[in-house]
Amino acid sequence: MLEQLLAAWLPQQRWFGGKGRPIDSVSVDSDVELEPGLQHVIFAVWQDGSRERYQLLLGIRDELPERLSHALIGVIGDQYHYDAAHDADRTGWLLDGMARDASTGGLRLRHIPGVAVDTSPRSLVLGAEQSNTSLVYGDAYICKLFRRLIPGVNPELEIVRALAARNAPHIAQPYGWIEGELDGTATTFAIMQEFLSTANDGWDLALASVRDLYAMPEPVAESGERVLAAEAGGDFAAEAERLGAATARIHGELAAAFPTSTVEPHEIKRMAEDFRRRLGRAIAEVPVLREHAGPIEAAFQDLDEVAVEVPIQRVHGDYHLGQVMRTTTEWIILDFEGEPGQPLGERTALSSPLRDVAGMLRSFDYAARHLLAGHPEADRLEPRAADWSAHNRAAFLTGYRSGGGNLDAAQVPLLRAFELGKAVYEVVYEARNRPSWISIPLAAFG
């Protein structure tokens, strides 16, 4: 009966990855009672012959309070079954279990050695996430439940534990995690870190600067002057430079905490071929990209001239302004799990740190231009957007160099290829999902 309820309930959940495709079947793989009225359930969802596993904190009540009506899964007999991640009366069990290093029915709840866990705060679910569910406990902790389970240690847990052990700057302190077995492999089910209750989101800060620039009055036409990002009251360049330095320091810490290697010139050439293949597929799907193919192909061709070994290491893997927070003292970098849709092996593979740099450069371009989509004065404001992006990209790169990041002449062609490769991906994404935004990545080729 629970399986049928889950099949009907899942398509309405933001974190369910199979929306838009029919569910063939749902089966419960594991059902562990944590305490009376609270169970940990792992279930498999079959679609088009493939299987994905998800986890659920399943609450069971004889009566369901109105505050939990939105979390209702269904009724079995005379009992209400619901998503207990939304029930603060139940989720204290997670804090208590981590504090005690509890083990229950194959679940292992652990805390970082030497770090105390306060079990008194009550939880509240954050509403913005798409693929996971995060519980905020007071102003102290944020516990991320990985809804879709992939066998293995989650890269975010692996990285933040290693960096915390080095007392690295620019990360949120980890406090604990939950793990268990999946397909015979130790697998991360949740991670709990410091909640940055007073920090500001990097994307929001950047947009505030862009809005300030857009709101500036035009100079007198006869003066020949124009509005510049550096003159706006909300100039973001100083923060962009600090963020660049923080990024370089994190790359240095990752290189110290994990193995590193190099790729030789012939491997760089293979990378260029991969970029070209992706471009060809993108042009076939989005023909407007063809008129920009010349400069893109030239950038990829430049990789063939790279004649030195290129260092590779563990990287963030999904780096943009939405992954960083500004506290009163520093930038904090979050979400080291890489691109969630990619296989775990790809997310933990060594790569050039310039992949992260390119991702942030593209994020500056999105911050500058996304407000222009559908804007009645987009043509007038486009030069301001271009100037804001160039101004803050340059500041970020200056900070990256000052923080110890490697941006010597041999790295420049690789950075350009990573950036244009990312923009090609974005063109396809926007064509599929947000056609009115396609001009944003297309501007990268101008």
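These remarks concern the structure in this document.

Calculation rules
- Each chain carries its own residue numbering, running from 1 in the direction its sequence is written.
- Note on the predicted model: pLDDT of at least 70 is required for a residue's local features to be given, and 80 or more for side-chain atom pairs to be given and counted; whole-chain, interface and lining totals, by contrast, use all residues.
- For the side-chain quantities, the full set of heavy atoms in the structure was used; hydrogens and water were omitted.
- Each helix corresponds to a stretch of at least 4 residues labelled H or I by DSSP, and each strand to a stretch of at least 2 residues labelled E; elements are numbered beginning at the N terminus.
- Burial classes: relative accessible area under 20% of the type maximum marks a residue as buried, over 50% as exposed, and values in between as partly exposed (1.4 Å probe, protein chains only).
- Pairing between two strands is assigned when DSSP locates at least 2 bridges connecting them.
- Here, residues are in contact when the closest pair of their heavy atoms is within 4.5 Å.
- Each axis is a line fitted through C-alpha atoms, and for a helix only the stretch in contact is used; angles between axes span 0 to 180 degrees, taken between their N-to-C directions.
- Each pair of aromatic rings taken from Phe, Tyr and Trp, with Trp reduced to its six-membered ring, is defined by centres within 6.5 Å and is described as stacked if the planes are under 30 degrees apart, edge-to-face if over 60, and tilted in the remaining cases.
- To define a nonpolar core, start from buried Ala, Val, Leu, Ile, Met, Phe, Trp, Tyr and Cys residues and group those joined through side-chain atoms within 4.5 Å.

### Thoughts on the side chain of T327
Within the fold, T327 resides in the loop between β17 (324-326) and β18 (331-333). For T327, a relative accessible area of 17% puts it in the buried group.

### Things to note about the sheet that holds β17
Here we have three strands laid out as an open sheet, ordered β14-β17-β18, and antiparallel in their pairing. Edge positions in the sheet fall to β14 (200-201) and β18, since each of these pairs with one other strand and no more. Summarising the sheet, β14 and β17 pair through two bridges and their orientation is antiparallel. When the sheet's bridge partners are listed, D201 is paired in β17 with M325. Of the strands in this sheet, β17 and β18 touch helix α5 (residues 237-257), which is tilted by about 45° from β18.

### As for the packing of aromatic side chains
Evaluated as defined, the whole model comprises 14 aromatic pairs. Between F236 and W388, the ring centres sit 6.1 Å apart and the planes meet at 25°, which makes this aromatic pair stacked. Here W388 lies in helix α10 (residues 378-402) and F236 lies in the loop between α4 (202-215) and α5, a separation of 152 residues in the sequence. On the basis of relative accessible area, F236 is assigned to the buried category, the value being 3%. Between Y366 and W437, the ring centres sit 6.4 Å apart and the planes meet at 50°, which makes this aromatic pair tilted. You can see Y366 sitting in helix α9 (residues 354-369) and its partner W437 sitting in the loop between α11 (412-433) and α12 (439-442), a full 71 residues away along the chain. Residue Y366 shares its accessibility class with W437, and that shared class is buried. Feature note: the residues W9, W15, F16, F43 and Y54 constitute an aromatic cluster, connected by ring pairs.

### Considering the nonpolar core
Note on soluble globular proteins: their nonpolar side chains tend to be buried together. Core analysis: the biggest nonpolar cluster contains 113 residues, and L289, W388, F396 and F445 have the highest contact counts within it. Of the residues forming this core, the biggest block, nine residues, is contributed by α11. The residues touching W388, leaving out its near neighbours within four places in the chain, are A206, S209, V210, L213, A229, F236, F364, A367 and A368. L5, W15, F16 and I73 belong to the second-largest nonpolar core, a separate cluster that totals 16 residues.

### A word on the pairing of strand β13 (residues 185-194)
Buried residues dominate β13, accounting for seven of its 10 residues. Bridging between strand β10 (residues 141-145) and β13 involves five bridges; their strand directions are antiparallel. Bridging from a neighbouring strand, I142 pairs with Q193 of β13. For strand β12 (residues 174-182) and β13, the ladder comprises eight bridges, and the chain directions are antiparallel. For L182, the partnering residue across the bridge sits in β13 and is T185.

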